[in-house]
Amino acid sequence: MNAPFLSIRNLGVAFTGGTRPVRAVNDVSLDVAQGEAVALIGESGSGKSVTMRAIMRLNPEKRTKLQGSIELGGRDILKMTPREMSSLRGAQAAMIFQEPLLALDPVYSLGDQIVETIRRHEPISRDAARARALELFERVRIPSAKSRLDNYPHEMSGGMRQRAMIALALSCRPKLLLADEPTTALDATVQIQVLLLLRELQRDLGLSIIFVTHDIGAAVEVADRIAVMYAGQIVEQATARELIRTPRHPYTLGLLKSRADGAMVKGERLEAIPGAPPDLANLPQGCPFAPRCFLADADCTKGAVQMQQIGATHQARCLRLAQTLEPQTAI
């Protein structure tokens, strides 16, 4: 892998204000090279979106305690002033949100929103900014792009709004694109179209992308590498090919077994992971997945489990890696 453009080290995110702090992200380390696409997968509440918002410093400042470092292009985001962060957002890093209808401003046309974003970061005329907005609409394949620039968010379908959100995110030519479950609210056909569009843009523009999803199939379509999150930790990461062919963490095994595939017969039940994710305000000692794990024993609950290197591009946070290679746990 090339030198990382984004380097996250020992990131911790805790939300205060309640009776106990909620430790939403715990000791996350992740590198993303320039031009690389990385997917974050896991159940709801595993810390994926909080990690993305920490990169953009969008979590509420007064109620959020941050630890570790997030270096983007060699600069630590967690040490930047609000003014520096305002200049970074959009120009160096941009985010595509899960629901564009909530992320886009309902009282301004889509064209005006893109124009104002461009002019906030670059000293160009309104006409030049509008010409770029039109070029972006055409690039993300919005039909009748010129007339659509004057549409308001509510006048477009979900799929078209998501394409407009992608155009807005790319308007200032960022080097890092964060996509937070951008296909969740879309139907299956539109989901594939948006995924393929993101992959095409990533390759054409040399973007670094972090793509958040709970859909492993979507992750494989978009990502070069996949990182699996559980209870605020990355428990396994590898190339997309390695993770699908040789998953090593019991949680990854459970995720893969719980999805439908072409080999299933009518009436066959999916193999669900038992139990529920832990309370992030009261995390158990040791491995947080131990209460749900079919391989766990007393050693798994004694202390923090460290990430272990399996191969050049494969890591997993588990004490039972030898057992995950046994035939009965293979996918």
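Structural data are supplied above this passage.
The following refers to the structure shown. (Residues numbered from 1 in each chain as written. Predicted model: local features only at pLDDT ≥ 70, side-chain atom pairs only at ≥ 80, totals over all residues. Heavy atoms only, no water.)

Thoughts on the pairing of strand β9 (residues 225-230)
Turning to step 1, where the next piece is worked out: Within β9, six of the six residues are buried, leaving the element largely enclosed by the surrounding structure.
Turning to step 2, where the next piece is worked out: Of the two faces of β9, the one carrying Arg225, Ala227 and Met229 and the one carrying Ile226, Val228 and Tyr230 are both buried.
Turning to step 3, where the next piece is worked out: Across four bridges, the pairing between strand β3 (residues 37-41) and β9 is parallel. Looking at β9, one finds that Ala39 is bridged to Ile226.
Turning to step 4, where the next piece is worked out: By the bridge criterion, six bridges tie β9 to strand β10 (residues 233-239) in an arrangement that is antiparallel. What sits directly across from Val228, in β10, is Glu236.
Turning to step 5, where the next piece is worked out: The antiparallel pairing of β9 with β10 creates a hairpin that spans two residues between the two strands, and Ala231 there sits at a positive phi of about 50 degrees. (Buried < 20%, exposed > 50% of the residue type's maximum accessible area, 1.4 Å probe, protein only. Helix = DSSP H or I, 4+ residues; strand = E, 2+ residues; numbered from the N terminus. Pairing = 2+ DSSP bridges.)

Quick look at the sheet that holds strand β6 (residues 93-96)
Turning to step 1, where the next piece is worked out: Across the sheet, which stays open at both edges, the eight strands sit in the order β6-β7-β8-β3-β9-β10-β12-β11 with mixed pairing between neighbours. Looking at which strands have only one partner, the edges of the open sheet turn out to be β6 and β11 (308-311). Ignoring which end each strand starts from, the neighbouring axes of this sheet average 20 degrees apart.
Turning to step 2, where the next piece is worked out: Packing of helix α7 (residues 158-170) onto the sheet brings it into contact with β6 and β7 (176-180), and relative to β6 it is tilted by some 170 degrees.
Turning to step 3, where the next piece is worked out: Lying on the sheet, helix α8 (residues 188-205) is in contact with β3, β6, β7 and β8 (208-213); it crosses β8 at an angle near 160 degrees. (Axes fitted to C-alpha atoms, helices over the stretch in contact; angles between N-to-C directions. Contact = heavy atoms within 4.5 Å.)

Observations regarding the side chain of Gln233
Turning to step 1, where the next piece is worked out: Structurally, the position occupied by Gln233 is in strand β10.
Turning to step 2, where the next piece is worked out: Leaving out residues up to four positions away in the same chain, Gln233 has contacts with Asn26, Val28, Ser46, Val228, Pro288 and Arg317.

So, the packing of α7 against α8
Turning to step 1, where the next piece is worked out: Where α7 meets α8, the closest approach of the two axes is 10 Å, and the angle between their N-to-C directions is 15 degrees. As judged from the angle between their axes, α7 and α8 are roughly parallel. Crossing hand, α7 versus α8: right-handed. Here Gly159, Gln162, Arg163, Ile166 and Leu170 of α7 come into contact with α8, specifically with Val190, Gln193, Val194, Leu197, Leu198, Leu201 and Leu205. (Parallel < 35°, antiparallel > 145°, perpendicular 65-115°, else oblique. Left-handed = near helix turned anticlockwise from the far one by under 90°.)

Topic: the sheet that holds strand β2 (residues 22-33)
Turning to step 1, where the next piece is worked out: With antiparallel pairing, the four strands of this open sheet are ordered in space as β2-β1-β4-β5. Unpaired on one side and paired on the other, β2 and β5 (75-76) mark the two borders of the sheet.
Turning to step 2, where the next piece is worked out: Note: strand β1 (residues 4-15) against β2, eight bridges, orientation antiparallel. When the sheet's bridge partners are listed, Pro4 is paired in β2 with Ala33.
Turning to step 3, where the next piece is worked out: Helix α1 (residues 48-56) contacts β1, β2 and β4 (64-72) of the sheet and is inclined by roughly 115 degrees relative to β1.

So, the nonpolar core
Turning to step 1, where the next piece is worked out: Counting 65 residues, the largest nonpolar core has Phe137, Ile166, Leu177, Phe211 and Ile226 as the members making the most contacts within it.
Turning to step 2, where the next piece is worked out: Counting residues per element, this core draws most heavily on α7, which supplies eight residues.
Turning to step 3, where the next piece is worked out: Residues in contact with Phe137, not counting those within four places in the same chain, are Leu110, Ile114, Ile142, Ala145, Arg148, Leu149, Ala164 and Ala167.
Turning to step 4, where the next piece is worked out: Counting residues in each nonpolar core, the second largest holds 33 residues, with Val28, Val38, Ile70 and Ile210 among its members. (Core = buried A, V, L, I, M, F, W, Y, C linked by side-chain atoms within 4.5 Å.)

What to know about the side chain of Gln113
Turning to step 1, where the next piece is worked out: By secondary structure assignment, the location of Gln113 is in helix α4 (residues 110-121).
Turning to step 2, where the next piece is worked out: Excluding anything up to four places from it in sequence, Gln113 contacts Leu104, Asp105, Tyr108, Pro153 and Leu168.

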